[in-house]
Amino acid sequence: WLLVFDIARHNARQQGLTRFIAVCLLSGYAWLALAAVLGLGGAFEPGHAMRDASMHAIALGFVFAMVLGHAPIIFPAVLRVRIPYHPIFYVPLFFLHGSLAMRVAGAFAESFSLRQHGAMINALALVFFIATMIASAYRGRSGMSGRSRQV
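Residues numbered from 1 in each chain as written. Predicted model: local features only at pLDDT ≥ 70, side-chain atom pairs only at ≥ 80, totals over all residues. Heavy atoms only, no water.

1. Considerations on the overall build of the protein chain
Point 1. Check the secondary structure of the protein chain and you find six helices and zero strands.
Point 2. Secondary structure elements of the protein chain occur, N-terminal to C-terminal, as α-α-α-α-α-α.
Point 3. The C-alpha extent of the protein chain, read off along each of the three principal axes, is 50 × 35 × 25 Å.
Point 4. A total of 151 residues make up the protein chain; the buried ones form 37% of that total.
Point 5. Contacts in the protein chain between residues far apart in sequence, at least 24 positions, make up 66% of those at least 6 positions apart.
Point 6. In the form shown here, the protein chain has an accessible surface area of approximately 8,700 Å², with 69% of it arising from carbon and sulfur atoms.
Point 7. On the protein chain, the mean spot of the 12 positive side-chain charges and the mean spot of the 4 negative ones are 24 Å from each other. (Helix = DSSP H or I, 4+ residues; strand = E, 2+ residues; numbered from the N terminus. Buried < 20%, exposed > 50% of the residue type's maximum accessible area, 1.4 Å probe, protein only. Contact = heavy atoms within 4.5 Å. Areas by Shrake-Rupley, 256 points an atom, 1.4 Å probe, with all protein chains shown as cover. Lys, Arg positive; Asp, Glu negative; His and termini not counted. Charge placed at Lys NZ, Arg CZ, Asp CG, Glu CD.)

2. Thoughts on the nonpolar core
Point 1. Residues Phe20, Leu25, Phe89 and Met133 are the most contacted members of the largest nonpolar core, which totals 20 residues.
Point 2. When residues of this core are traced back to their parent elements, those giving at least two are helix 3 (16-40), helix 4 (51-79) and helix 6 (112-142).
Point 3. Take this core: its biggest share by element is seven residues, from helix 3.
Point 4. Aside from chain neighbours lying at most four places away, what touches Leu25 is Ala8, Met66 and His70. (Core = buried A, V, L, I, M, F, W, Y, C linked by side-chain atoms within 4.5 Å.)

3. Regarding unusual backbone geometry
Point 1. Positioned with a positive phi, Arg80 is a non-glycine residue whose angle comes to about 60°.
Point 2. Along the chain, the position of Arg80 falls in the loop between helix 4 and helix 5 (90-109).
Point 3. With a phi close to 55°, Glu110 is a non-glycine residue in the positive phi region.
Point 4. Tracing the chain through its elements places Glu110 in the loop between helix 5 and helix 6.

4. A look at a nonpolar patch on the surface
Point 1. On the surface, Trp1, Leu2, Val4, Phe5 and Leu32 cluster together into a nonpolar patch covering about 540 Å² of accessible area.
Point 2. By residue number, the principal contributor to the nonpolar patch is helix 1 (residues 2-5), which donates three residues.
Point 3. Here Leu32 lies in helix 3. (Patch = residues over 30% accessible without salt bridge, like charges linked within 9 Å, V, L, I, M, F, W, Y side chains within 5 Å. Salt bridge = Lys/Arg side-chain N within 4 Å of Asp/Glu carboxyl O.)

5. What about the environment of Leu26?
Point 1. With respect to the secondary-structure elements, Leu26 resides in helix 3.
Point 2. Each C-alpha atom, one on Leu26 and one on Phe62, is 9.2 Å from the other, the two residues being 36 residues apart in sequence.
Point 3. When sequence neighbours within four positions are dropped, the list of residues in contact with Leu26 reads Ala8, Arg9 and Ala12.

6. Some thoughts on the pattern of salt bridges
Point 1. Summed over the entire model, instances satisfying the criterion amount to one salt bridge.
Point 2. Here Arg115 ties to Asp52 by a salt bridge, and the two come within 3.5 Å at their closest N and O atoms. You can see Arg115 sitting in helix 6 and its partner Asp52 sitting in helix 4, a full 63 residues away along the chain.

7. Quick look at the environment of Phe20
Point 1. Within the secondary structure, Phe20 sits in helix 3.
Point 2. Between the C-alpha atom of Phe20 and that of Pro87, which follows or precedes it by 67 residues, the distance is 8.3 Å.

Below is the structure:
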């Protein structure tokens, strides 16, 4: 259904915040699809070699891609703060997906070290995401203007 009807495919050709949200959604769907494929192979069973990869594909790849994509909309509505868009929003998304790919590759290669490094970078990506949102809220509060405010 998402591949056929979701507006994210169209919005990925837009600019600014609209494009960022679409990229987050589409990348999250890709991780969800990977988890589904792994799950069809039994990866959700306790003790399965790909359980870690399948669970993190959902919990980090899908869920956190949705969080990153929706945060610039939800935070202003709930917290009453302005979150102006800035292209730096892509940095935590890039590191989240890159480090998750490292974790999944570590699962396939049976490399604990690769999974461990991927997990550490996952955590750093989430910390950077929080810092990015705080900095953007500060920019929105102080009334800074410029290209970074485009939506």
